[in-house]
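# Architecture and fold: a report
Residues per chain, in single letters:
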Amino acid sequence: MPAKPKYYLTTPIYYTNGLPHIGHTYSTIVCDTIRRYKRMRGYDVVMTTGTDEHGVNVERSAKKAGVPESEFVAKMAAEWRALWDELGVQGDEFIRTTDLKHAHTVQWLFKQCRDNGFVYPGHYTGQYCIYDNAYVDVKPGENCPDCGRPTETVTEANFYFKLSAFQKPLLDWYAKHPNFIQPEARRNEVLSFVEGGLRDLSITRTSVRWGIPVPGEEPHVFYVWFDALTAYLSAVGGPQYEKTGYWPADVHLVGKEIIRFHAVYWPAFLMAAGLPLPKQVWAHGWLLMDSAKMSKSLGNVVRPRPIVHVLGMDALRYYLLRETVFGQDGNFSYDALVQRYNSDLANGLGNLASRTAAMIEKNSGGKIPKPGDLQPQDTALAAKAQETIGEVLEQYDKLGFSLALEELWSLIAATDKYLTTEHPWSLGETDADQKRRATILWTTAEVLWIVTVLTHPVLPESTAKVWTLLGQTGQPSSVALDGLRWGQLAPGTPLGKSQALFPRIEKAEAIERMEAMEKEEQKQPSPVTTPAPASAPAVGGAATAAAPATAEKIGIEDFAKVEMRVGQIKTAERIVGADKLLKLTVDIGTEIRQICAGIAQYYEPEKLIGRKVAVVVNLAPRKLRGVESNGMIVAASVGPEGRPVLAGFPDEDVEIGARLK
Ligand code: ME8
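Worth saying up front: this structure is predicted, and the values here are computed from it rather than measured.

### With respect to the overall build of the protein chain
- Of regular secondary structure, the protein chain possesses 19 helices and 25 strands.
- In terms of overall dimensions, the protein chain is globule-like: its C-alpha atoms have a radius of gyration of 29 Å, near the 26 Å expected for 661 residues.
- By principal-axis analysis of the C-alpha atoms, the protein chain measures approximately 85 × 75 × 45 Å.
- The burial tally for the protein chain puts 53% of its 661 residues in the buried class.
- Considering only contacts in the protein chain between residues 6 or more positions apart, those separated by 24 or more positions represent 74%.

### Some remarks on the site of the ligand
- Around the ligand, 24 residues are found, and the nearest of them are I13, S27, D52, E257 and L287.
- Here a nitrogen atom of the ligand and a backbone polar atom of G23 are 3.3 Å apart.
- With respect to the ligand, the backbone of L287 contributes an N or O atom lying 2.7 Å from a nitrogen atom.
- Computed on the free molecule, the ligand has an accessible area of 670 Å², of which 95% lies beneath the protein chains in the complex.

### As for the packing of aromatic side chains
- All told, the structure shown has 34 aromatic pairs when counted by the stated rule.
- When the centroid spacing of 5.7 Å and the interplanar angle of 85° are considered together, the rings of Y319 and F332 count as edge-to-face. Placement of Y319 in helix 11 (residues 313-323) and of F332 in the loop between strand 15 (330-331) and helix 12 (334-363) is noted, with a sequence separation of 13 residues between them. With respect to burial, Y319 and F332 carry one shared label: buried.
- The ring centre of Y246 lies 4.5 Å from the NZ or CZ of K6, which sits over that ring.
- One residue, R260, lies across the ring of F193, its end atom 4.0 Å from the ring centre.

### Observations concerning the confidence of the model for the protein chain
- When pLDDT is averaged along the protein chain, the result is 91, and 95% of the positions lie at 70 or above.
- Scored below 50 in pLDDT, residues 530-551 shows 44 contacts in the model against residues more than four places distant or in partner chains.

### Considering the pairing of strand 16 (residues 564-575)
- With five bridges connecting them, strand 16 and strand 19 (residues 612-616) associate as antiparallel partners. Bridge pairing in strand 19 links Q568 to K612.
- Where strand 16 meets strand 25 (residues 659-660), two bridges bridge the pair, whose relative direction is antiparallel. Each bridged residue has a counterpart across the sheet, and for M564 the counterpart in strand 25 is L660.
- Note: strand 16 against strand 17 (residues 578-587), seven bridges, orientation antiparallel. Paired with E573 across the two strands is K583, which belongs to strand 17.
- Counting the residues that bridge the hairpin from strand 16 to strand 17 gives two residues, and of these G577 lies at a positive phi of roughly 85°.

### A few points about the pairing of strand 1 (residues 6-15)
- In terms of residue burial, strand 1 counts as a mostly covered element, since eight of its 10 residues are buried.
- Note: strand 1 against strand 2 (residues 44-52), eight bridges, orientation parallel. By the bridge assignment for strand 2, I13 is matched with G50.
- Between the parallel pair strand 1 and strand 2, the chain is carried across by helix 1 (residues 22-40), and the sense of this crossover is right-handed.
- Inspection of the sheet shows strand 1 paired to strand 11 (residues 251-255) by two bridges, in the parallel sense. By the bridge assignment, L9 is partnered in strand 11 with V251.

### Focus: the packing of helix 12 against helix 15 (residues 431-455)
- As a packed pair, helix 12 and helix 15 sit with axes 10 Å apart at the nearest point and diverge in direction by 145°. The way helix 12 lies across helix 15 gives a crossing that is left-handed. Of helix 15, the residues touching helix 12 (which contributes L349, L352, A353, T356, M359, I360 and N363) are R437, L441, T444, A445, L448 and V451.

### Details of the sheet that holds strand 15
- Strand order across the open sheet formed by three strands is 14-13-15, with mixed pairing between neighbours. Here the strands that pair on one side only, and so sit at the sheet edges, are strand 14 (292-293) and strand 15.

### Section: helix 6 (residues 184-195)
- Helix length check: helix 6 (12 residues) gives 16 Å between terminal C-alpha atoms against 16 Å at 1.5 Å per residue, within 8%.
- The set of residues buried in helix 6 consists of R186, R187, V190, L191 and V194. Down the axis of helix 6, the smallest arc covering the buried residues is 135°, so these residues share one side.
- As for helix 6, its buried residues are in contact with helix 5 (167-176), strand 7 (181-182), helix 9 (259-273) and strand 12 (281-284).

Scoring rules and cut-offs
Residues numbered from 1 in each chain as written. Predicted model: local features only at pLDDT ≥ 70, side-chain atom pairs only at ≥ 80, totals over all residues. Heavy atoms only, no water. Helix = DSSP H or I, 4+ residues; strand = E, 2+ residues; numbered from the N terminus. Rg over C-alpha atoms; globule rule 2.2 N^0.38 Å. Buried < 20%, exposed > 50% of the residue type's maximum accessible area, 1.4 Å probe, protein only. Contact = heavy atoms within 4.5 Å. Near = heavy atom within 4 Å. Polar contact = N/O pair within 3.5 Å; in protein donor to acceptor, adjacent residues only side chain to side chain. Areas by Shrake-Rupley, 256 points an atom, 1.4 Å probe, with all protein chains shown as cover. Phe/Tyr/Trp six-rings, centres within 6.5 Å; stacked < 30°, edge-to-face > 60°. Lys NZ or Arg CZ within 6 Å of the ring centre and 35° of its normal. pLDDT = per-residue confidence, 0-100. Pairing = 2+ DSSP bridges. Right-handed = clockwise from strand over helix to strand, strands pointing away. Axes fitted to C-alpha atoms, helices over the stretch in contact; angles between N-to-C directions. Left-handed = near helix turned anticlockwise from the far one by under 90°. Expected span 1.5 Å × (residues − 1). Arc of directions from axis to C-beta.

Okay, here's the thing in structure tokens:
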């Protein structure tokens, strides 16, 4: 078999002076989607992400936190890494700029540039923005034109890179590679910047200590951008990049504010060193919050965890890719997020999957039916599906995620309409009717199969569930997209396990829960200023499924205020209109209490009866979805979706009413 072609893509490597928000998550989700897509197209893909850990900014943050820089960045990098792991978007390579192999690559790249005559010593005085890590063209006392924060006057000895020598080579490169900078608007911006002339660039600092040393030239350390950009190369072999075969990168995916570093400085450094240039730099737009860029400094950030906790990771992925045209700015709102979740995921894909499975279960003995003679309406839907395959692949290739998803959802809508017009449920039991019904259900299942494969790069978790439901083995990712066509679902395949896909959620309730959790997250102290928190058992039970698993230290007297007792569940029932809640009556030894618990998606009410649970009995009563709840059942919150697992007493027959202390 011929070797798979290699494909290398990167996210920016993120600063460690803050924690990830959904702006960073957006870039990482996009990269992860491309990675999954390219793998299904037969590529051997490597995706790199990582952390940018040097510079004055980190030096100051570490000082403020009272810890050495290395400790500061190690903890922050661990947080970033853990979040990507939790969200399932971890890169194949996680590069830290404090990695030794990275330092060697930076030093090696500098040597190549210097040996080739593109580096010379000098002095520089200018206004420096420590937040953007860049000298800016303003007078002393003026603020940074990019971020609006104060600048500092810096004079220092440094080494210059002869950027001016690359004006023509860069312009030639852009002309020869018209797709090098995407989208068009960014390309034009870069072209006019370069056409306006390039000034040499200082690439070392003597005013900063926290950086990679320039060998033999101490106290020089590398300028953070010379350092950071090189991480893309360090991740795939550094000086030995030819051995791994992943360099040059196929695409560097970045936010539009750092296009100049990627499309001007980086290719110039590589040209100076005689190295191959990346094939493309794709600068996407910003996620805005109330028309301003979401950013830590503006304090308007939204974090991914609360969203993922309440709606699931796929909901966030879908919303970000569907709502924003890739390349343009997009506004974030909880309202639009839940709207999309309910209309497109719960009522769209989720509903199509569950009703198709239910009909097959009922009418075809739980096996994919064998189609009979096809009617024009069946072939019309098949033709639309076949056409959708081509259009979606074309859009994915262009990173046109929103259009790709629009096409797919139009196919889902056409299938819903097909079911309504063909109404298989009202056909009778004659031979002809049975055959007709089998044809309709096969056609529907076939569309669902195709939609599952094509949405997989965007919705990896939920499509895996639909895959199982359709009785398929492995993952949808094992389907080679190059060979995707109508008619690949084998009749006779038994359906598999059905799992909750996108349970409908009431908008106000979802928003309230996400906002409350977001507030909690914002209150969390920085991981560097507090000792690692013990992960306390999360309290599940009432309306919200779980609380964040970290807590400030409290005295025993505070703990003593919480009265927890062993209770026994006497009755359990679902609450109409509240998908997540169960209404329980619980014997707590002294009385029988009514308690609502947010566990309906994970526990069958009938199976709970007789079960002994831990109950917080002195919680003020409250109404949940109009039902009185007097107490709270304790549960662990497990996994990114915060699945509640009831705390229990499996080893001993504990007495009802016994106090937990
Ligand atoms: O710039 N909308 O790191 P950084 C969309 N370390 N994307 C956003 C965003 C928003 N509101 N906010 C952040 C750096 N991003 C450097 C990069 S690369 C060699 C060095 C995303 O932590 C977007 O990709 O400030 C942006 O470019 C990146 O995070 C900036 O991350």
